Amino acid sequence: MASSYNINSTFKLNSGFEIPRLGFGVYQTPPEATEQASLEAFKAGYRHIDSAAAYRNEAGVGDAIRASGIPRSEIFYTSKIPSPVVRGGYEATKEQIEKSLKTAGLDYIDLMLLHAPYGGSAARKGAWKALVEAVEEGKIRSIGISNYGVHHLDELEQHIAELKAERGNGGIISVGQYEIHPWCARNDIIDWFAKRNIACEAYSPVVQGTRWGDKTLAKLAQKHGKTEAQILIRWSLQKGLIPLPKSVTPSRIKENADLYNFELSQEEVAELETDEYAPVCWDPLKTGLDN
Ligand SMILES: NC(=O)c1ccc[n+]([C@@H]2O[C@H](COP(=O)([O-])OP(=O)(O)OC[C@H]3O[C@@H](n4cnc5c(N)ncnc54)[C@H](OP(=O)(O)O)[C@@H]3O)[C@@H](O)[C@H]2O)c1
């Protein structure tokens, strides 16, 4: 039940590991500001940080994990294989996993995602196989994808079956990460994942700040005595998603984690959702299988 969530709530992944239901994003956080922002997030209670090689700040997150004094086992750290590397397939992805471990200075990464589905079928299969091997070697705990359309997801299931036949283990999809908010609800993706118990993470959960003042959003914020950002992140949690709000501002980092003393009604969750398809970030989902 949504009302029983708290900042320590987790979701049990198909890998068997637990993921905190609230994450902290560091896309566009400058490398030199990342350790401080991550430490602020730990202070506010977040235990889940979402980075990526493409963000050039894996080192800052690793530094914060060490400086925090929090046991490594209590922190969930995500990185991603950049899309040009996915294009390079198996070998390039294997190399990138080593690079990401070294850059963050960690013995293992909790979650590694393929950042986007570009590169064609053979490259995607090779990149996935490299992730599966890294799990077998204990370098990564859980694996998943980001920005895959349903056609890419169906293909991935086929690749998993092929790899199982070829080598005995095709790996398990634990997480998918997508731009999701009331102006880009992606219910087809949410349904695909729900049927398979795959955790669905929501990026750009406060729409990168582009929807402040929306009539319904403002009304709900006033009604609940909360900020518009808190309403949007709460919407995400109540949709069963794992929101990843980003901020470098200490007061906002705290505000975005202060979500557990109110609840939207089911009608309010539905009222906020629109039929618009208006992503604010990139949108690789629609790319063809050959691209
Ligand atoms: N897989 C992917 O392809 C992908 C793509 C995009 C993002 N992501 C992940 O998802 C995370 C979040 O997405 P995002 O960074 O695109 O967008 P977001 O979290 O929706 O928005 C971040 C922006 O909103 C501002 N903000 C945050 N909280 C606020 C608040 N309470 N009040 C007012 N403004 C607020 C931030 O400003 P300040 O920082 O200046 O405070 C920043 O400019 C990323 O950091 C990344 O980890 C993944």
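Definitions and cut-offs
- Residues numbered from 1 in each chain as written.
- Predicted model: local features only at pLDDT ≥ 70, side-chain atom pairs only at ≥ 80, totals over all residues.
- Heavy atoms only, no water.
- UniProt positions renumbered as here; feature names shortened; annotations may be inferred.
- Pairing = 2+ DSSP bridges.
- Helix = DSSP H or I, 4+ residues; strand = E, 2+ residues; numbered from the N terminus.
- Buried < 20%, exposed > 50% of the residue type's maximum accessible area, 1.4 Å probe, protein only.
- Polar contact = N/O pair within 3.5 Å; in protein donor to acceptor, adjacent residues only side chain to side chain.
- Contact = heavy atoms within 4.5 Å.
- Right-handed = clockwise from strand over helix to strand, strands pointing away.
- Salt bridge = Lys/Arg side-chain N within 4 Å of Asp/Glu carboxyl O.

If you look the protein up in an unreviewed UniProt entry, it shows as NADP-dependent oxidoreductase domain-containing protein from Xylaria multiplex. Taken directly from UniProt, the Sequence similarities (unreviewed entry) text for the protein runs: "Belongs to the aldo/keto reductase family."

## With respect to the sheet that holds strand S7 (residues 140-146)
One open sheet holds the 8 strands; their spatial order is S3-S4-S5-S6-S7-S8-S9-S10, and the pairing between them is parallel. Among the strands making up the open sheet, the edge pair consists of strand S3 (24-25) and strand S10 (242-243). When S7 meets strand S8 (residues 175-179), the two strands line up parallel, connected through 3 bridges. Note on S8: the bridge partner recorded for Gly-144 is Val-175.

## Some thoughts on the side chain of His-48
When you line up the elements, His-48 lands in strand S4 (residues 48-50). Residue classification places His-48 among the buried positions, given a relative accessible area of 0%. Side-chain polar atoms of His-48 contact the backbone oxygen of Pro-20, separated by 3.1 Å. Ignoring any residue separated from it by four or fewer positions in sequence, one finds His-48 in contact with Ile-19, Pro-20, Leu-22, Gly-23, Phe-24, Phe-76, Thr-78, Glu-201, Ile-242 and Leu-244.

## A few points about the environment of His-181
Structurally, His-181 is set in the loop between S8 and helix H7 (187-194). For His-181, a relative accessible area of 0% translates into the label buried. Taking the C-alpha atoms as reference, His-181 lies 9.8 Å from Lys-239; in sequence the two are 58 residues apart. Aside from chain neighbours lying at most four places away, what touches His-181 is Ser-204, Pro-205, Val-207, Trp-235, Ala-278 and Val-280.

## Details of the UniProt feature "site: Lowers pKa of active site Tyr" (unreviewed entry) in the protein
In this numbering, the UniProt entry assigns the feature "site: Lowers pKa of active site Tyr" (unreviewed entry) to Lys-80. Looking at where Lys-80 falls in the secondary structure, it is placed in strand S5 (residues 76-81). Lys-80 has contacts with Asp-50, Ser-51, Ala-52, Ala-53, Tyr-55, Met-112, Leu-113, His-115 and Gln-177, leaving out every residue within four places of it along the chain. Among the polar contacts listed, one links the side chain of Lys-80 to the backbone oxygen of Ser-51, at a separation of 3.0 Å.

## Overview of the UniProt feature "binding site: substrate" (unreviewed entry) in the protein
As recorded in UniProt, the sites labelled "binding site: substrate" (unreviewed entry) are His-115. Among the structural elements, His-115 can be located in the loop between strand S6 (109-114) and helix H5 (121-136). With a relative accessible area of 8%, His-115 lands in the buried category. In this view, His-115 contacts Ala-52, Ala-54, Tyr-55, Lys-80, Ile-81, Pro-82, Ser-83, Val-86, Ser-146, Asn-147 and Trp-282; residues no more than four positions away in its chain are not counted.

## Focus on the pairing of S5
Counting buried positions over the 6 residues of S5 gives 6, a clear majority of the element. Side chains of S5 alternate between two faces, with Phe-76, Thr-78 and Lys-80 and Tyr-77, Ser-79 and Ile-81 buried alike. Where S4 and S5 come together, 3 bridges link them in parallel fashion. Across the sheet, the residue bridging to Asp-50 is Thr-78, located in S5. The parallel pair S4 and S5 is bridged by helix H2 (residues 58-68), and the resulting crossover is right-handed. In terms of strand pairing, S5 meets S6 through 4 bridges, oriented parallel. Residue pairing across strands places Thr-78 opposite Leu-111, the latter belonging to S6.

## Points about the pattern of salt bridges
Tallied over the full model, the rule gives 18 salt bridges. The partner of Lys-80 in a salt bridge is Asp-50, and the shortest N-O contact between them spans 2.7 Å. Here Lys-80 is found in strand S5, whereas its partner Asp-50 is found in strand S4, with 30 residues between them in sequence. Just as Lys-80 is buried, Asp-50 falls in that class too. One salt bridge in this structure joins Arg-167 and Glu-136, with 2.7 Å as the shortest N-O distance.

## Some details on unusual backbone geometry
Positive phi outside glycine occurs at Gln-28, with the angle close to 70 degrees. The topology assignment puts Gln-28 in the loop between S3 and helix H1 (31-44). Backbone geometry at Ser-204 places phi at a positive 50 degrees, although glycine is not the residue there. Summarising the element assignment, Ser-204 is placed in the loop between strand S9 (199-203) and helix H8 (215-224). On the basis of relative accessibility, which here comes to 11%, the residue Ser-204 falls in the buried class.

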